[in-house]
Amino acid sequence: MTDPLSAAAEPTRRRILQLLASGSRTVSEIASEFPVTRSAISQHLLLLAEVGLVEARKVGRERHYRVVPDGLRALQAEIDRFWTDELDQLVADAKKMRDNG
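All residue numbers refer to positions counted from 1 along the written sequence of the respective chain. Since the coordinates come from a predicted model, pLDDT governs what is reported: local features require at least 70, and pairs of side-chain atoms require 80 or more to be given and counted, while whole-chain, interface and lining totals use all residues. Excluded from the side-chain calculation are hydrogens and water; included are all heavy atoms of the structure.

1. Considering the overall build of the protein chain
Filter applied, for reference: By definition, any uninterrupted DSSP run of H or I lasting at least four residues is a helix, any uninterrupted run of E lasting at least two residues is a strand, and each is numbered from the N terminus. When checking whether two residues touch, look at their non-hydrogen atoms; a contact exists if any pair is within 4.5 Å. The accessible surface values rely on the Shrake-Rupley method and a 1.4 Å probe; as for residues, cover is taken only from the protein chains in view. Under the counting rule used here, the positive set is Lys and Arg, the negative set is Asp and Glu, and His together with the chain ends is not counted. In this description, the location of a charge corresponds to atom NZ of lysine, CZ of arginine, CG of aspartate or CD of glutamate.
Each helix and strand in the protein chain was counted, giving 6 helices and 3 strands. When the helices and strands of the protein chain are placed in sequence order, the string is α-α-β-α-α-β-β-α-α. Expressed along its principal axes, the backbone C-alpha trace of the protein chain runs to roughly 60 × 30 × 25 Å. Intrachain contacts of the protein chain at a sequence separation of at least 6 include 50% that bridge at least 24 residues. Here the protein chain displays about 6900 Å² of accessible surface, and carbon together with sulfur accounts for 53% of that area. If the 15 positive side-chain charges of the protein chain are averaged to one point and the 15 negative ones to another, these points end up 9 Å apart.

Structure follows, in structure tokens:
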């Protein structure tokens, strides 16, 4: 099983999370935003659900996905633990090199 940080790091899954931040959507609505198959999007959604970042509810024949606020809070906490003062310094150094280069 993948952890939430690894799951959210993949660009397609990250974009799915961004789309769902504005509200629940069906698989078809989400898939219409990508140049991949609906099946591929379903696989991404399944993984995001397994790590607790999204959840689905069945409405008739459709599944509606939404973000899980507690899952996103846990992801934010993990990012905060990862982001250290050393990374802030690395970013600052990279900006200096870019500006002086």
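2. A word on the pairing of strand 3 (residues 62–67)
Test applied: DSSP-based pairing: two strands are paired if at least 2 bridges between them are found.
Here strand 1 (residues 25–26) pairs with strand 3 via 2 bridges, running antiparallel. Within the sheet, the bridge partner assigned to Arg-25 lies in strand 3 and is Tyr-65. As judged from the 6 bridges shared by strand 2 (residues 54–59) and strand 3, these two strands associate in the antiparallel manner. Among the inter-strand pairings, Glu-55 is bridged to a residue of strand 3, identified as Arg-66. Taken together, strand 2 and the strand that follows it, strand 3, pair antiparallel across an intervening segment of 2 residues, in which Gly-60 is found at a positive phi of about 65 degrees.

3. Concerning the side chain of Thr-26
Residue position: Thr-26 is located in strand 1. Not counting the four nearest positions on each side in its chain, Thr-26 is found in contact with Glu-62, Arg-63 and His-64.

4. What about the packing of helix 2 (residues 11–20) against helix 4 (residues 38–50)?
Basically, it comes down to this: Between the N-to-C directions of two axes lies an angle of 0 to 180 degrees, each axis being a line fitted to C-alpha atoms and, for a helix, fitted only over the stretch in contact. Throughout, the term roughly parallel applies to angles under 35 degrees, roughly antiparallel to angles over 145, roughly perpendicular to angles from 65 to 115, and oblique to all others. Following the grouping adopted for this structure description, the nonpolar residues are Ala, Val, Leu, Ile, Met, Phe, Trp, Tyr, Cys and Pro, the charged ones are Asp, Glu, Lys and Arg, and the polar ones are all others, Gly among them.
Contact pair helix 2 / helix 4: the axes reach a minimum separation of 10 Å and the direction vectors enclose 80 degrees. The pairing of helix 2 with helix 4 is recorded here as roughly perpendicular in orientation. Counting all contacts with helix 2, which are made through Thr-12, Arg-13, Ile-16, Leu-17 and Leu-20, the residues of helix 4 involved are Ile-41, His-44, Leu-45, Leu-47 and Leu-48. Broken down by class, the residue content of the contact of helix 2 with helix 4 amounts to 7 nonpolar, 2 polar and 1 charged.

5. Things to note about the side chain of His-44
Its location among the elements puts His-44 in helix 4. In contact with His-44, not counting residues within four places along its chain, are Glu-10, Thr-12, Arg-13 and Ile-16.

6. Some remarks on the environment of Val-51
Note on placement: Val-51 falls in the loop between helix 4 and strand 2. In sequence terms Val-51 and Ala-31 are 20 residues apart; their C-alpha atoms lie 20 Å from each other. What Val-51 contacts, discounting residues up to four positions off in sequence, is Thr-2, Asp-3, Pro-4 and Ala-7.

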